[in-house]
Amino acid sequence: MTYVPKGSAAEGPYALELDPKRSGLVYSALRVVDIEPGATHSFATGESEWIVLPLTGGCTVHAEDEIIELLGRDSVFSGVSDFAYVPRDAHIQIASGAGGRFALAGAKCERRLPARYGSAPEVSVEHRGSGTCAREVRNFASADAFDCDRLIAVEVITPGGNWSSYPPHKHDEHRPGVEAELEEIYYFEIETGDGGQEGFGYQRVFPSRPGGTDVLAEVRTGDAVLVPDGWHGPSIAQPGHSMYYLNVMAGPGDEREWKICFHPDHTEGYR
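Residues numbered from 1 in each chain as written. Predicted model: local features only at pLDDT ≥ 70, side-chain atom pairs only at ≥ 80, totals over all residues. Heavy atoms only, no water.

### Focus: the overall build of the protein chain
Our working definition: Only DSSP runs of H or I with at least four residues qualify as helices, and only runs of E with at least two residues qualify as strands; both kinds are numbered from the N terminus onward. Each residue gets one of three labels from its accessible area relative to the maximum for its type: buried under 20%, exposed over 50%, partly exposed in between, using a 1.4 Å probe on protein chains only. Contacts: residue pairs with any heavy atoms within 4.5 Å of one another. Accessible surface is estimated by sampling points in the Shrake-Rupley manner with a 1.4 Å probe; for residues, cover comes only from the protein chains shown. Charge counting treats Lys and Arg as positive and Asp and Glu as negative, with His and both chain ends excluded. Charged groups are reduced to one reference atom each: NZ for lysine, CZ for arginine, CG for aspartic acid, CD for glutamic acid.
Assigned secondary structure in the protein chain consists of 1 helix and 22 strands. In terms of overall dimensions, the protein chain has C-alpha extents of about 50 × 50 × 35 Å along its principal axes. Put simply, the protein chain has 271 residues, and 55% of those count as buried. Contacts spanning at least 24 positions in sequence make up 72% of the contacts within the protein chain whose residues lie at least 6 apart. About 11200 Å² of surface is accessible on the protein chain, with carbon and sulfur atoms providing 48% of the total. The protein chain carries 23 positive and 41 negative side-chain charges, and their two centres are separated by 3 Å.

### Quick look at the sheet that holds strand β13 (residues 152-158)
Stated formally: At least two bridges found by DSSP between two strands are what make those strands a pair.
The 7 strands lie next to each other as β1-β19-β16-β21-β13-β12-β11, forming an open sheet whose pairing is antiparallel. In the strand order of this sheet, the two ends are held by β1 (3-4) and β11 (124-128), each with one partner. Relative to strand β12 (residues 135-141), β11 runs antiparallel, the two being bridged by 5 bridges. Bridging across to β12, Val-125 finds its partner in Arg-138.

### Side note on the nonpolar core
Rules: We call a set of buried residues a nonpolar core when its members are Ala, Val, Leu, Ile, Met, Phe, Trp, Tyr or Cys and they connect through side-chain atoms within 4.5 Å of each other.
By size, the foremost hydrophobic cluster in this structure holds 33 residues, and its most contacted members are Leu-16, Ile-51, Phe-140 and Leu-246. In terms of residue count, strand β21 (residues 243-250) provides more of this core than any other element does, 4 residues in total. Those residues in contact with Phe-140 that sit more than four places away from it in its chain are Ile-51, Leu-53, Phe-83, Val-123, Phe-146, Ala-153, Val-154, Glu-155 and Leu-246. Counting 20 residues, the second-largest nonpolar core is a separate cluster that includes Ala-29, Ala-63, Ala-84 and Phe-102.

### Structural notes on the pairing of strand β7 (residues 83-86)
Consecutive side chains along a regular strand alternate between the two faces of the sheet. Side chains Phe-83 and Tyr-85 project from β7 onto one buried face, and the interleaved Ala-84 and Val-86 project onto a second face that is buried too. Across 3 bridges, the pairing between strand β5 (residues 48-63) and β7 is antiparallel. Across the sheet, residue Ile-51 finds its bridge partner in β7, namely Tyr-85.

### Digging into the side chain of Lys-170
What counts here: Polar contacts, as used here, are pairs of N or O atoms within 3.5 Å; protein pairs need one atom able to donate a hydrogen and one able to accept it. Residues neighboring in sequence count only if both atoms are side-chain atoms.
In this structure, Lys-170 sits in strand β15 (residues 169-170). Here the side chain of Lys-170 touches Glu-173 through a polar contact of 2.6 Å, side chain to side chain. Here the side chain of Lys-170 touches Glu-179 through a polar contact of 2.9 Å, side chain to side chain. Once you skip the residues sitting within four places of it in the chain, Lys-170 turns out to touch Glu-179, Ser-208, Gly-230, Trp-231, His-232, Ile-260 and Cys-261.

### As for the state of the cysteines
Note the threshold: Sulfur atoms of two cysteines make up a disulfide when they are within 2.5 Å.
If you walk through the whole model with that rule in mind, you get 0 disulfides. The thiol of Cys-133 is unpaired, and the distance to the nearest cysteine sulfur, on Cys-261, comes to 18 Å.

### Points about the packing of aromatic side chains
In plain terms, the rule: Whether two aromatic rings pair depends on their centres lying within 6.5 Å, for rings of Phe, Tyr and Trp, where Trp uses its six-membered ring; planes under 30 degrees apart make the pair stacked, over 60 edge-to-face, and the rest tilted. Whether a charge lies above a ring is judged from NZ of Lys or CZ of Arg, which has to be within 6 Å of the ring centre and within 35 degrees of the ring normal.
Under the criterion given, the structure shown has 9 aromatic pairs. With centroids separated by 6.0 Å and ring planes inclined at 80°, the aromatic side chains of Phe-43 and Trp-50 adopt a geometry described as edge-to-face. Judged by relative accessible area, Trp-50 falls into the buried class, the value being 2%. With 5.3 Å between their ring centres and 80° between their planes, Trp-163 and Tyr-166 make a pair best called edge-to-face. One aromatic cluster in this structure is built from Phe-83, Tyr-85, Phe-140 and Phe-146. In this structure, Lys-170 packs its charged tip against the face of Trp-231, placed 5.7 Å from the ring centre.

### With respect to the side chain of Ser-164
For Ser-164, the location among the structural elements is in strand β14 (residues 163-164). At a separation of 2.9 Å, a polar atom in the side chain of Ser-164 contacts the side chain of Tyr-245. Once residues lying within four places of it in the same chain are set aside, the contact partners of Ser-164 are Arg-135, Val-156, Thr-158, Pro-234, Ser-235 and Tyr-245.

### Brief notes about unusual backbone geometry
Pro-167 follows Tyr-166 through a cis peptide bond whose omega is 0°. Checked against the element boundaries, Pro-167 lands in the loop between β14 and β15. Geometrically, the link from Gly-233 to Pro-234 is a cis peptide bond, its omega value of 5° lying close to zero. Mapped onto the elements of the fold, Pro-234 is located in strand β20 (residues 231-237). Unlike most non-glycine residues, Glu-64 shows phi in positive territory, near 55°.

In structure tokens form, the structure reads like this:
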């Protein structure tokens, strides 16, 4: 399973549940949960650390003795959100007075770090690429921005008609100082058009080794693509419809780092 259409990985309260037990990945996990107004959602973190990230709406996160208030946002296209980090081996409750949709980005880990609040104004927003390869990267839990044990997570906004995740790149080998071994999950939302029409995009993953991951998927809101290995990119947004994706990464390396290798046959002028 590499392309995950909306609804195909729904389980219980989750609109999307990509845990190692069902995704085939070893370290990375992603859940998306809709919480009705005035309702709560509880879960045990188990062997993984998690970030609670509002996609729409705000919430209160109860993590043992910590209570973390998240203002959230109207939508992923309206701006950066605050977020909550919660540790492994804990019981978590999320409550939302007005309701909303929330991503739970997780990674199997060893260290038990404290629950913490991530402030939206402190999220580094990077404008990467140029021309039709320009995009906005929100480094809310990148390796150098927020302390986790193994989890790395960022958001990307690609304007309609643009390419991102370009040039194609990979991170499926441990090569000290050059490349880190990281699994990755892409979760997509596509902005609706002015007339309310649904948008779409495309995601490419192609092999970096014989028998490796090979997928070209038309993606829509609620879809996901798994990248256990391989060159990935481009991510292409339909003209008139900006594309959002949440990247969740984790791997076996001793160092939590994001080191990637660009495809040698593609220009590096757009990265």
